[in-house]
Amino acid sequence: MAAYRRYLLAFLVLAAFAGGQAVAAEKADKVSFYFAAHEDDWQLFMNPSAFQDVLEGAAKTVFVHVTAGDAGLGTGDGGRKRPYYLARENGAEDAIRFMADTDHEPAKPVVSHVVLNNHRIFRIAYRNTVSYFLRVPDGNIKGEGFPDTGFQSLKRLHDGAVRTMVAVDGTAVYRGWDDLVRTVRAIVDAERGRAPLVQINIAETDAAINPDDHADHLMVARAALDAVKNLSCVRRVSYVDYASAKLPENLNAQQRDMESSVFAVTLAGVQAFDHGTSWRHYDGAYVGRNYFRVQEAGGSCAPPLSQVAAAHR
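Bear in mind that the values here come from a model prediction, so they are computed numbers and not experimental data.

Section: helix α6 (residues 177-192)
Between the first and last C-alpha of α6 there are 23 Å, a value that for 16 residues agrees with the 22 Å anticipated at 1.5 Å per step. Most of α6 sits out of view: 12 of its 16 residues are buried. Among all positions in α6, only Trp-177, Asp-179, Leu-180, Val-181, Thr-183, Val-184, Arg-185, Ala-186, Ile-187, Val-188, Glu-191 and Arg-192 are buried. Phi turns positive one or two residues past the end of α6, at Gly-193, with a value near 55 degrees.

Details of the pattern of salt bridges
Under the criterion given, the structure shown has 19 salt bridges. Between Asp-53 and Lys-30 there is a salt bridge, with the nearest N and O atoms lying 3.0 Å from each other. Taken as a pair, Asp-53 in helix α3 (residues 49-57) and Lys-30 in strand β1 (residues 30-36) lie far apart in primary sequence, 23 residues in all. Look at the salt bridges and you will find they share partners, linking Lys-60, Arg-123 and Glu-191 into a network.

Quick notes on the packing of α3 against helix α8 (residues 253-272)
Packing of α3 against α8 brings their axes to within 9 Å, and their N-to-C directions diverge by 100 degrees. Relative to α8, the element α3 is oriented roughly perpendicular. Contact residues: α3 offers Phe-51, Gln-52 and Leu-55, while α8 offers Gln-255, Met-258, Ser-261 and Val-262.

Section: the packing of aromatic side chains
Aromatic ring pairs are reported here in terms of the distance separating the ring centres and the angle at which the planes meet. Throughout the structure, instances matching the rule amount to 12 aromatic pairs. Look at Phe-122 and Phe-133: their rings are 6.1 Å apart centre to centre, the planes differ by 35 degrees, and that puts the pair in the tilted class. Of this pair, Phe-122 sits in strand β4 (residues 119-126) while Phe-133 sits in strand β5 (residues 129-136), placing them 11 residues apart in sequence. With a centroid separation of 5.2 Å and 50 degrees between ring planes, the pair formed by Tyr-239 and Phe-292 is classed as tilted. With Tyr-239 in strand β9 (residues 234-239) and Phe-292 in strand β10 (residues 292-295), the pair connects residues that are 53 residues apart, well separated along the chain.

Definitions and cut-offs
- Residues numbered from 1 in each chain as written.
- Predicted model: local features only at pLDDT ≥ 70, side-chain atom pairs only at ≥ 80, totals over all residues.
- Heavy atoms only, no water.
- Helix = DSSP H or I, 4+ residues; strand = E, 2+ residues; numbered from the N terminus.
- Expected span 1.5 Å × (residues − 1).
- Buried < 20%, exposed > 50% of the residue type's maximum accessible area, 1.4 Å probe, protein only.
- Salt bridge = Lys/Arg side-chain N within 4 Å of Asp/Glu carboxyl O.
- Axes fitted to C-alpha atoms, helices over the stretch in contact; angles between N-to-C directions.
- Parallel < 35°, antiparallel > 145°, perpendicular 65-115°, else oblique.
- Contact = heavy atoms within 4.5 Å.
- Phe/Tyr/Trp six-rings, centres within 6.5 Å; stacked < 30°, edge-to-face > 60°.

This is the structure in C-alpha coordinates:
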(Lines give C-alpha, C1' and ligand atoms only; values in the text may rest on other atoms or scores of the structure.)
Protein backbone atom coordinates (compact mmCIF):
# COMPACT_ATOMS: atom_id res chain seq x y z
CA MET A 1 0.00 0.00 0.00
CA ALA A 2 2.80 2.42 0.85
CA ALA A 3 4.53 1.66 -2.45
CA TYR A 4 1.27 2.24 -4.31
CA ARG A 5 0.82 5.64 -2.68
CA ARG A 6 4.38 6.70 -3.49
CA TYR A 7 3.85 5.71 -7.13
CA LEU A 8 0.48 7.44 -7.29
CA LEU A 9 1.77 10.66 -5.76
CA ALA A 10 4.76 10.83 -8.06
CA PHE A 11 2.70 10.13 -11.17
CA LEU A 12 -0.14 12.52 -10.43
CA VAL A 13 2.02 15.40 -9.20
CA LEU A 14 4.04 15.26 -12.40
CA ALA A 15 0.86 15.21 -14.47
CA ALA A 16 -0.56 18.17 -12.57
CA PHE A 17 2.62 20.19 -13.07
CA ALA A 18 2.79 19.44 -16.78
CA GLY A 19 -0.89 20.22 -17.32
CA GLY A 20 -0.71 23.49 -15.41
CA GLN A 21 2.26 24.71 -17.42
CA ALA A 22 0.59 24.02 -20.75
CA VAL A 23 -2.76 25.74 -20.42
CA ALA A 24 -1.92 29.44 -20.75
CA ALA A 25 -0.24 29.18 -24.14
CA GLU A 26 -3.16 27.39 -25.80
CA LYS A 27 -6.10 29.54 -24.67
CA ALA A 28 -7.42 30.40 -28.12
CA ASP A 29 -7.19 26.79 -29.26
CA LYS A 30 -8.92 24.96 -26.41
CA VAL A 31 -12.47 24.44 -25.22
CA SER A 32 -12.46 22.78 -21.82
CA PHE A 33 -15.40 20.68 -20.60
CA TYR A 34 -15.94 19.80 -16.94
CA PHE A 35 -18.26 16.83 -16.54
CA ALA A 36 -19.80 16.70 -13.08
CA ALA A 37 -22.26 14.22 -11.66
CA HIS A 38 -23.32 16.67 -8.95
CA GLU A 39 -23.26 20.43 -8.69
CA ASP A 40 -20.30 20.62 -6.31
CA ASP A 41 -18.05 17.95 -7.85
CA TRP A 42 -15.86 20.09 -10.08
CA GLN A 43 -15.35 22.62 -7.25
CA LEU A 44 -14.05 19.94 -4.87
CA PHE A 45 -12.14 17.60 -7.16
CA MET A 46 -11.25 19.58 -10.31
CA ASN A 47 -10.14 22.88 -8.85
CA PRO A 48 -8.14 25.10 -9.19
CA SER A 49 -7.93 23.57 -12.68
CA ALA A 50 -11.40 24.89 -13.53
CA PHE A 51 -10.61 28.34 -12.14
CA GLN A 52 -7.41 28.48 -14.18
CA ASP A 53 -9.29 27.53 -17.35
CA VAL A 54 -11.90 30.24 -16.77
CA LEU A 55 -9.24 32.86 -16.05
CA GLU A 56 -6.76 32.18 -18.83
CA GLY A 57 -6.49 28.54 -19.79
CA ALA A 58 -9.27 28.14 -22.35
CA ALA A 59 -11.19 30.11 -24.94
CA LYS A 60 -14.37 28.69 -23.40
CA THR A 61 -15.05 26.59 -20.31
CA VAL A 62 -18.17 24.42 -20.30
CA PHE A 63 -19.63 22.85 -17.16
CA VAL A 64 -21.91 19.87 -17.76
CA HIS A 65 -23.87 18.89 -14.63
CA VAL A 66 -25.53 15.59 -15.39
CA THR A 67 -27.62 14.65 -12.36
CA ALA A 68 -29.84 17.01 -10.42
CA GLY A 69 -27.88 16.24 -7.25
CA ASP A 70 -31.29 15.92 -5.61
CA ALA A 71 -30.32 13.23 -3.05
CA GLY A 72 -33.52 11.33 -3.81
CA LEU A 73 -35.83 14.33 -3.36
CA GLY A 74 -36.57 14.84 -7.05
CA THR A 75 -38.18 18.26 -7.19
CA GLY A 76 -38.91 18.15 -3.45
CA ASP A 77 -37.74 20.81 -1.03
CA GLY A 78 -37.06 18.65 2.03
CA GLY A 79 -39.17 20.99 4.13
CA ARG A 80 -37.23 24.09 3.09
CA LYS A 81 -38.34 27.06 0.99
CA ARG A 82 -37.08 25.87 -2.40
CA PRO A 83 -36.29 22.55 -4.10
CA TYR A 84 -32.92 21.13 -3.14
CA TYR A 85 -31.82 20.57 -6.73
CA LEU A 86 -32.34 24.26 -7.51
CA ALA A 87 -30.29 25.23 -4.46
CA ARG A 88 -27.41 23.12 -5.72
CA GLU A 89 -27.70 24.61 -9.20
CA ASN A 90 -27.67 28.08 -7.69
CA GLY A 91 -24.48 27.23 -5.82
CA ALA A 92 -22.79 26.03 -9.00
CA GLU A 93 -23.85 29.07 -10.98
CA ASP A 94 -22.74 31.48 -8.26
CA ALA A 95 -19.34 29.78 -8.26
CA ILE A 96 -19.01 30.02 -12.04
CA ARG A 97 -19.94 33.70 -12.05
CA PHE A 98 -17.49 34.32 -9.23
CA MET A 99 -14.66 32.85 -11.33
CA ALA A 100 -15.72 34.59 -14.54
CA ASP A 101 -16.13 37.96 -12.82
CA THR A 102 -12.60 38.05 -11.44
CA ASP A 103 -11.46 41.65 -12.00
CA HIS A 104 -14.80 42.47 -13.72
CA GLU A 105 -18.15 43.93 -12.83
CA PRO A 106 -21.02 41.42 -13.03
CA ALA A 107 -22.51 40.83 -16.47
CA LYS A 108 -25.92 39.54 -17.58
CA PRO A 109 -26.26 35.78 -18.08
CA VAL A 110 -28.05 34.34 -21.10
CA VAL A 111 -30.49 31.74 -19.79
CA SER A 112 -32.27 29.35 -22.13
CA HIS A 113 -33.48 25.85 -22.82
CA VAL A 114 -31.75 24.32 -25.84
CA VAL A 115 -32.75 21.23 -27.77
CA LEU A 116 -29.88 18.82 -28.40
CA ASN A 117 -30.37 15.25 -29.62
CA ASN A 118 -34.11 15.93 -29.30
CA HIS A 119 -33.79 16.69 -25.57
CA ARG A 120 -34.60 19.99 -23.88
CA ILE A 121 -31.72 21.03 -21.62
CA PHE A 122 -31.26 24.02 -19.32
CA ARG A 123 -28.29 26.17 -20.42
CA ILE A 124 -26.69 29.31 -19.01
CA ALA A 125 -24.02 31.29 -20.87
CA TYR A 126 -21.95 33.76 -18.86
CA ARG A 127 -18.88 35.55 -20.26
CA ASN A 128 -16.53 32.79 -21.45
CA THR A 129 -18.42 30.02 -19.62
CA VAL A 130 -21.40 27.82 -20.41
CA SER A 131 -23.31 25.63 -17.96
CA TYR A 132 -25.63 22.73 -18.73
CA PHE A 133 -27.96 21.02 -16.26
CA LEU A 134 -29.41 17.71 -17.49
CA ARG A 135 -31.21 17.11 -14.16
CA VAL A 136 -31.48 13.32 -14.26
CA PRO A 137 -32.05 11.76 -10.82
CA ASP A 138 -29.20 11.40 -8.35
CA GLY A 139 -28.23 7.73 -8.37
CA ASN A 140 -27.02 7.31 -4.77
CA ILE A 141 -23.48 6.33 -3.80
CA LYS A 142 -23.48 2.76 -5.12
CA GLY A 143 -25.76 3.50 -8.06
CA GLU A 144 -28.84 1.84 -6.58
CA GLY A 145 -31.00 4.95 -6.90
CA PHE A 146 -33.57 6.31 -4.46
CA PRO A 147 -37.14 5.12 -3.82
CA ASP A 148 -38.82 8.48 -4.44
CA THR A 149 -37.26 8.80 -7.91
CA GLY A 150 -38.06 5.24 -8.95
CA PHE A 151 -34.59 3.80 -8.31
CA GLN A 152 -33.34 5.48 -11.46
CA SER A 153 -29.59 5.89 -11.76
CA LEU A 154 -26.92 6.30 -14.39
CA LYS A 155 -25.39 2.98 -13.41
CA ARG A 156 -28.69 1.16 -13.76
CA LEU A 157 -29.27 2.84 -17.14
CA HIS A 158 -25.80 1.78 -18.29
CA ASP A 159 -26.34 -1.78 -17.05
CA GLY A 160 -29.80 -2.06 -18.61
CA ALA A 161 -31.58 -2.41 -15.25
CA VAL A 162 -33.77 0.58 -16.21
CA ARG A 163 -34.66 1.49 -19.76
CA THR A 164 -35.16 5.21 -19.28
CA MET A 165 -34.14 8.10 -17.08
CA VAL A 166 -36.48 11.06 -16.71
CA ALA A 167 -35.17 14.49 -15.72
CA VAL A 168 -36.57 15.36 -12.29
CA ASP A 169 -38.38 18.40 -13.72
CA GLY A 170 -39.83 16.34 -16.58
CA THR A 171 -38.02 18.24 -19.33
CA ALA A 172 -36.33 15.22 -20.93
CA VAL A 173 -36.50 11.43 -21.13
CA TYR A 174 -33.31 9.53 -21.95
CA ARG A 175 -34.16 6.22 -23.59
CA GLY A 176 -31.16 4.09 -22.85
CA TRP A 177 -27.45 4.67 -22.32
CA ASP A 178 -26.73 5.37 -25.99
CA ASP A 179 -29.32 8.15 -26.00
CA LEU A 180 -27.58 9.83 -23.06
CA VAL A 181 -24.17 9.43 -24.73
CA ARG A 182 -25.46 10.95 -27.97
CA THR A 183 -26.76 13.90 -25.97
CA VAL A 184 -23.38 14.43 -24.32
CA ARG A 185 -21.74 14.30 -27.75
CA ALA A 186 -24.25 16.86 -29.03
CA ILE A 187 -23.24 19.20 -26.20
CA VAL A 188 -19.56 18.78 -27.05
CA ASP A 189 -20.19 19.44 -30.75
CA ALA A 190 -22.41 22.44 -30.04
CA GLU A 191 -19.83 24.12 -27.83
CA ARG A 192 -16.46 23.20 -29.33
CA GLY A 193 -16.97 25.09 -32.56
CA ARG A 194 -13.78 25.03 -34.62
CA ALA A 195 -11.40 24.66 -31.69
CA PRO A 196 -8.60 22.25 -32.64
CA LEU A 197 -8.31 21.00 -29.04
CA VAL A 198 -11.06 19.75 -26.76
CA GLN A 199 -10.25 18.95 -23.14
CA ILE A 200 -12.58 16.78 -21.09
CA ASN A 201 -12.21 16.83 -17.32
CA ILE A 202 -13.72 13.76 -15.66
CA ALA A 203 -13.47 11.51 -12.65
CA GLU A 204 -10.70 8.92 -12.85
CA THR A 205 -12.26 5.60 -13.92
CA ASP A 206 -9.29 3.42 -12.92
CA ALA A 207 -10.22 1.95 -9.54
CA ALA A 208 -6.56 1.35 -8.74
CA ILE A 209 -6.03 5.12 -8.79
CA ASN A 210 -9.46 6.32 -7.68
CA PRO A 211 -10.95 3.59 -5.47
CA ASP A 212 -14.42 3.65 -3.88
CA ASP A 213 -15.75 6.58 -5.84
CA HIS A 214 -19.42 7.55 -6.17
CA ALA A 215 -21.17 5.56 -8.89
CA ASP A 216 -22.54 8.74 -10.46
CA HIS A 217 -19.01 10.19 -10.76
CA LEU A 218 -17.82 7.11 -12.62
CA MET A 219 -20.87 6.85 -14.88
CA VAL A 220 -20.65 10.51 -15.92
CA ALA A 221 -16.99 9.95 -16.77
CA ARG A 222 -17.94 6.87 -18.79
CA ALA A 223 -20.63 8.80 -20.68
CA ALA A 224 -18.13 11.54 -21.56
CA LEU A 225 -15.51 9.03 -22.68
CA ASP A 226 -18.04 7.15 -24.80
CA ALA A 227 -19.22 10.42 -26.33
CA VAL A 228 -15.78 11.53 -27.55
CA LYS A 229 -14.24 8.16 -28.35
CA ASN A 230 -13.95 8.91 -32.07
CA LEU A 231 -12.61 12.46 -31.70
CA SER A 232 -8.86 12.60 -32.16
CA CYS A 233 -8.45 16.09 -30.70
CA VAL A 234 -9.52 15.26 -27.14
CA ARG A 235 -7.20 15.63 -24.18
CA ARG A 236 -8.50 13.54 -21.28
CA VAL A 237 -7.80 14.78 -17.76
CA SER A 238 -8.88 12.33 -15.05
CA TYR A 239 -9.19 13.42 -11.41
CA VAL A 240 -9.02 11.53 -8.14
CA ASP A 241 -12.29 12.18 -6.29
CA TYR A 242 -13.19 10.69 -2.90
CA ALA A 243 -9.83 8.91 -2.62
CA SER A 244 -8.05 12.27 -2.59
CA ALA A 245 -9.11 12.62 1.07
CA LYS A 246 -6.48 10.00 1.91
CA LEU A 247 -3.73 11.85 0.05
CA PRO A 248 -1.75 14.82 1.40
CA GLU A 249 -2.50 18.39 0.35
CA ASN A 250 -0.54 19.24 -2.80
CA LEU A 251 -1.63 22.81 -3.59
CA ASN A 252 0.33 25.90 -2.72
CA ALA A 253 -1.28 28.72 -0.73
CA GLN A 254 -2.53 30.64 -3.77
CA GLN A 255 -3.99 27.52 -5.40
CA ARG A 256 -5.67 26.51 -2.14
CA ASP A 257 -7.20 29.97 -1.88
CA MET A 258 -8.59 29.62 -5.39
CA GLU A 259 -10.14 26.25 -4.60
CA SER A 260 -11.52 27.15 -1.18
CA SER A 261 -13.00 30.47 -2.33
CA VAL A 262 -14.93 28.81 -5.16
CA PHE A 263 -16.21 26.10 -2.83
CA ALA A 264 -17.25 28.70 -0.24
CA VAL A 265 -19.22 30.64 -2.87
CA THR A 266 -20.87 27.36 -3.94
CA LEU A 267 -22.07 26.68 -0.41
CA ALA A 268 -23.26 30.26 0.04
CA GLY A 269 -25.37 29.81 -3.09
CA VAL A 270 -26.95 26.68 -1.62
CA GLN A 271 -27.63 28.47 1.67
CA ALA A 272 -29.22 31.38 -0.20
CA PHE A 273 -31.93 28.92 -1.29
CA ASP A 274 -32.55 27.87 2.33
CA HIS A 275 -30.61 24.59 2.41
CA GLY A 276 -27.84 23.49 4.74
CA THR A 277 -24.24 22.73 3.81
CA SER A 278 -21.24 20.88 5.24
CA TRP A 279 -18.24 23.21 5.02
CA ARG A 280 -16.13 21.63 7.76
CA HIS A 281 -16.30 18.08 6.44
CA TYR A 282 -15.55 18.87 2.81
CA ASP A 283 -12.96 21.54 3.54
CA GLY A 284 -11.05 19.17 5.80
CA ALA A 285 -11.32 16.19 3.50
CA TYR A 286 -10.82 17.55 -0.03
CA VAL A 287 -9.80 21.21 -0.22
CA GLY A 288 -6.07 21.66 -0.84
CA ARG A 289 -5.86 18.58 -3.06
CA ASN A 290 -5.91 18.40 -6.85
CA TYR A 291 -4.71 15.06 -8.20
CA PHE A 292 -5.08 14.12 -11.86
CA ARG A 293 -3.44 12.44 -14.82
CA VAL A 294 -3.39 13.65 -18.40
CA GLN A 295 -3.79 11.70 -21.63
CA GLU A 296 -2.87 13.98 -24.50
CA ALA A 297 -4.88 14.32 -27.71
CA GLY A 298 -3.75 12.44 -30.78
CA GLY A 299 -4.59 15.10 -33.36
CA SER A 300 -6.80 18.04 -34.29
CA CYS A 301 -10.58 18.08 -34.61
CA ALA A 302 -12.49 18.65 -37.79
CA PRO A 303 -15.41 21.06 -37.30
CA PRO A 304 -18.69 19.47 -36.23
CA LEU A 305 -20.80 18.04 -39.06
CA SER A 306 -23.44 20.74 -38.51
CA GLN A 307 -20.85 23.43 -39.26
CA VAL A 308 -19.62 21.60 -42.36
CA ALA A 309 -23.17 21.34 -43.67
CA ALA A 310 -23.83 25.02 -42.99
CA ALA A 311 -20.65 26.05 -44.81
CA HIS A 312 -21.80 24.24 -47.99
CA ARG A 313 -25.33 25.64 -48.15
